[in-house]
Amino acid sequence: MEIYKFAQETILEAGRFIRRRMTEEFNINSKKNPNDLVTDVDKETESFLNDTIQKRYPEHRIVGEEGHGRDITDTEGVLWIVDPIDGTLNFVHQMENFAISVGIYIDGNPYAGLILDVMKGDLYHAAFEHGAYKNDQLLPDIEESHLASSLISTNTNWVIRDGINVPFIQVVRDARSTRSLGSAALEFVNVARGTSSAALFFRLHPWDFAGGAIILKEVGGLTTTLLGDELRLLDTNSIIAANRTIHGEIIEHFRKDEPFIKNHKAFHRL
Ligand code: 2AM
Ligand code: CA
Ligand code: CA
Ligand code: CA
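We now turn to the structure provided with this report.

Reading the values: the criteria
- Residues numbered from 1 in each chain as written.
- Chains lettered and ligands numbered in written order.
- Predicted model: local features only at pLDDT ≥ 70, side-chain atom pairs only at ≥ 80, totals over all residues.
- Heavy atoms only, no water.
- Donors = N, O, S within 2.8 Å, 3.2 Å for Na, K, Ca; no water.
- Helix = DSSP H or I, 4+ residues; strand = E, 2+ residues; numbered from the N terminus.
- Polar contact = N/O pair within 3.5 Å; in protein donor to acceptor, adjacent residues only side chain to side chain.
- Buried < 20%, exposed > 50% of the residue type's maximum accessible area, 1.4 Å probe, protein only.
- Pairing = 2+ DSSP bridges.
- Phe/Tyr/Trp six-rings, centres within 6.5 Å; stacked < 30°, edge-to-face > 60°.
- Contact = heavy atoms within 4.5 Å.
- Axes fitted to C-alpha atoms, helices over the stretch in contact; angles between N-to-C directions.
- Core = buried A, V, L, I, M, F, W, Y, C linked by side-chain atoms within 4.5 Å.

**Some details on the coordination of the calcium ion (ligand 2)**
Part 1 of the reasoning: Around the calcium ion (ligand 2), the protein contributes the donor atoms E65 (OE) and E65 (OE), at 2.3 to 3.1 Å from the metal centre.
Part 2 of the reasoning: Distance-wise, the calcium ion (ligand 3) is placed 5.4 Å from the calcium ion (ligand 2).
Part 3 of the reasoning: Here E65 shows up in the loop between β3 (61–64) and β4 (78–86).

**Points about the environment of D51**
Part 1 of the reasoning: Within the secondary structure, D51 is located in helix α2 (residues 40–56).
Part 2 of the reasoning: Sequence-wise, D51 and G69 are 18 residues apart; in three dimensions their C-alpha atoms are separated by 13 Å.
Part 3 of the reasoning: Looking at D51, its side chain comes within polar contact range of the side chain of N50, at 3.3 Å.

**What to know about the pairing of strand β7 (residues 122–127)**
Part 1 of the reasoning: Across the six residues of β7, six count as buried, placing the element largely inside the fold.
Part 2 of the reasoning: The alternating pattern of β7 places D122, Y124 and A126 on one face and L123, H125 and A127 on the opposite face, and all of these are buried.
Part 3 of the reasoning: Pairing geometry for strand β6 (residues 109–117) and β7, over six bridges, is antiparallel. Bridging across to β7, I115 finds its partner in Y124.
Part 4 of the reasoning: In sequence, β6 turns back onto β7 through a hairpin of four residues, with G121 there showing a positive phi of about 75 degrees.
Part 5 of the reasoning: Here β7 runs beside strand β8 (residues 132–134); their pairing, made up of three bridges, is antiparallel. In the sheet register, H125 faces β8, and the bridge partner there is Y133.
Part 6 of the reasoning: Hairpin connection from β7 to β8: four residues lie between these consecutive antiparallel strands, with E129 at a positive phi of about 65 degrees.

**A closer look at the packing of aromatic side chains**
The geometry of an aromatic ring pair is captured by two quantities: the separation of the ring centres and the angle between the planes.
Part 1 of the reasoning: Scanning the entire structure with this criterion turns up twelve aromatic pairs.
Part 2 of the reasoning: Seen in terms of ring centroids, F202 and F260 are 5.8 Å apart; in terms of plane orientation they differ by 70 degrees. Their pairing is edge-to-face. Of this pair, F202 sits in strand β12 (residues 198–204) while F260 sits in helix α9 (residues 258–269), and the two are 58 residues apart along the sequence.
Part 3 of the reasoning: A relative accessible area of 0% places F260 in the buried class.
Part 4 of the reasoning: Aromatic rings pair up to connect W158, F168, F202, F254, F260 and F267 into one cluster.

**Here we look at the sheet that holds β6**
Part 1 of the reasoning: Pairing is mixed across the open sheet formed by seven strands, whose spatial order is β3-β4-β5-β6-β7-β8-β9. The open sheet is flanked by β3 and β9 (137–138), the only strands paired with a single partner.
Part 2 of the reasoning: As paired elements, β3 and β4 share four bridges and run parallel to each other. Counterpart to R61 in the pairing with β4 is L79.
Part 3 of the reasoning: In the packing of helix α1 (residues 2–21) onto the sheet, the strands contacted are β4, β5 (99–106), β6 and β7, and the crossing angle to β6 comes to about 25 degrees.
Part 4 of the reasoning: Packed onto the sheet, helix α7 (residues 206–218) meets β3, β4, β5, β6, β7 and β8 and runs at close to 100 degrees relative to β6.

**Considering the pairing of strand β10 (residues 151–154)**
Part 1 of the reasoning: Here β10 pairs with strand β11 (residues 177–179) via three bridges, running parallel. Opposite S153, over in β11, you have R179 as the bridge partner.
Part 2 of the reasoning: Here β10 pairs with β12 via three bridges, running parallel. Across the sheet, the residue bridging to I152 is A198, located in β12.

**Here we look at the sheet that holds β10**
Part 1 of the reasoning: Reading across from one edge, β11-β10-β12-β14-β13 is the order of the five strands in this open sheet, with mixed pairing throughout. The open sheet has two edge strands, β11 and β13 (222–224), and neither has a second partner. Within the sheet, the average angular offset between the axes of one strand and its neighbour, ignoring direction, is 20 degrees.
Part 2 of the reasoning: Across five bridges, β12 lies against strand β14 (residues 237–242) in antiparallel orientation. Paired with F201 across the strands is I239, a residue of β14.

**Overview of the nonpolar core**
Part 1 of the reasoning: One finds F188 and L216 to be the most contacted residues of the largest nonpolar core, which totals 34 residues.
Part 2 of the reasoning: In contact with F188, other than residues within four places in its own chain, are F201, L204, D208, F209, G212, A213, L216, T223, I239 and A241.
Part 3 of the reasoning: Within the second largest apolar cluster, 30 residues are counted, among which are I11, A14, A112 and L123.

Written out as structure tokens, the structure reads:
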């Protein structure tokens, strides 16, 4: 549990770094597409996480959204998968509703997941088979629910995207209603807290789901691809994070849609 404890201290320290740094000026740049932003704070926070971890554990390896560990292609040893700011658009536009996400895996097996809601100051964390916590409070197991009486989270980008949207539209129609927060890590947290019953994403990177999947599993939830397959830890995946009952109902929609399956396979092979 020494690494788990260290991870908690480190993510809290990184949160304090962001809160201090965001009161000063920082640059905002676009990545490949003009709506995909990255700031100096994303990069500096990832460097802070990387340097802090490497100083304490030189043999651990770190993969992060902003470039650390780009050459890592296997899951041997202790692997930290970090997103320094999940919800960068929220960080820029709202100055809230963003998180730091950390997933720690040992030889490819889940060890611990941590998500810090930076502005609320709430730390969600779980060690494998030791339960999930909001700060020092144990989270109860999530409740089972059916689509028709559930709130689900998804991004409207996928619902309007030709070629993949048919099952998304059906799921949105069948659900009680939808919500969209704009931070994948915090959407996982909402499912784990029971304020949302499912979160759907056509495409997430390892740093978006590595922490959340471990936290959700500790409260009895399930994370797979939208076709119900096990996640590949170092690849982009489609994602459903949900209670088991609604998970089964939702993946049925995706599994029976052949154009979706074709596009899914093509997209995720890229
Ligand atoms: P980010 O803020 O770390 O980039 C927003 O809907 C969620 O999707 C956030 O978790 C965001 O992570 C992630 N995201 C942003 N751009 C994305 C992209 N091009 N493909 C997939 N996920 C993305
Ligand atoms: Ca990003
Ligand atoms: Ca992210
Ligand atoms: Ca990010």
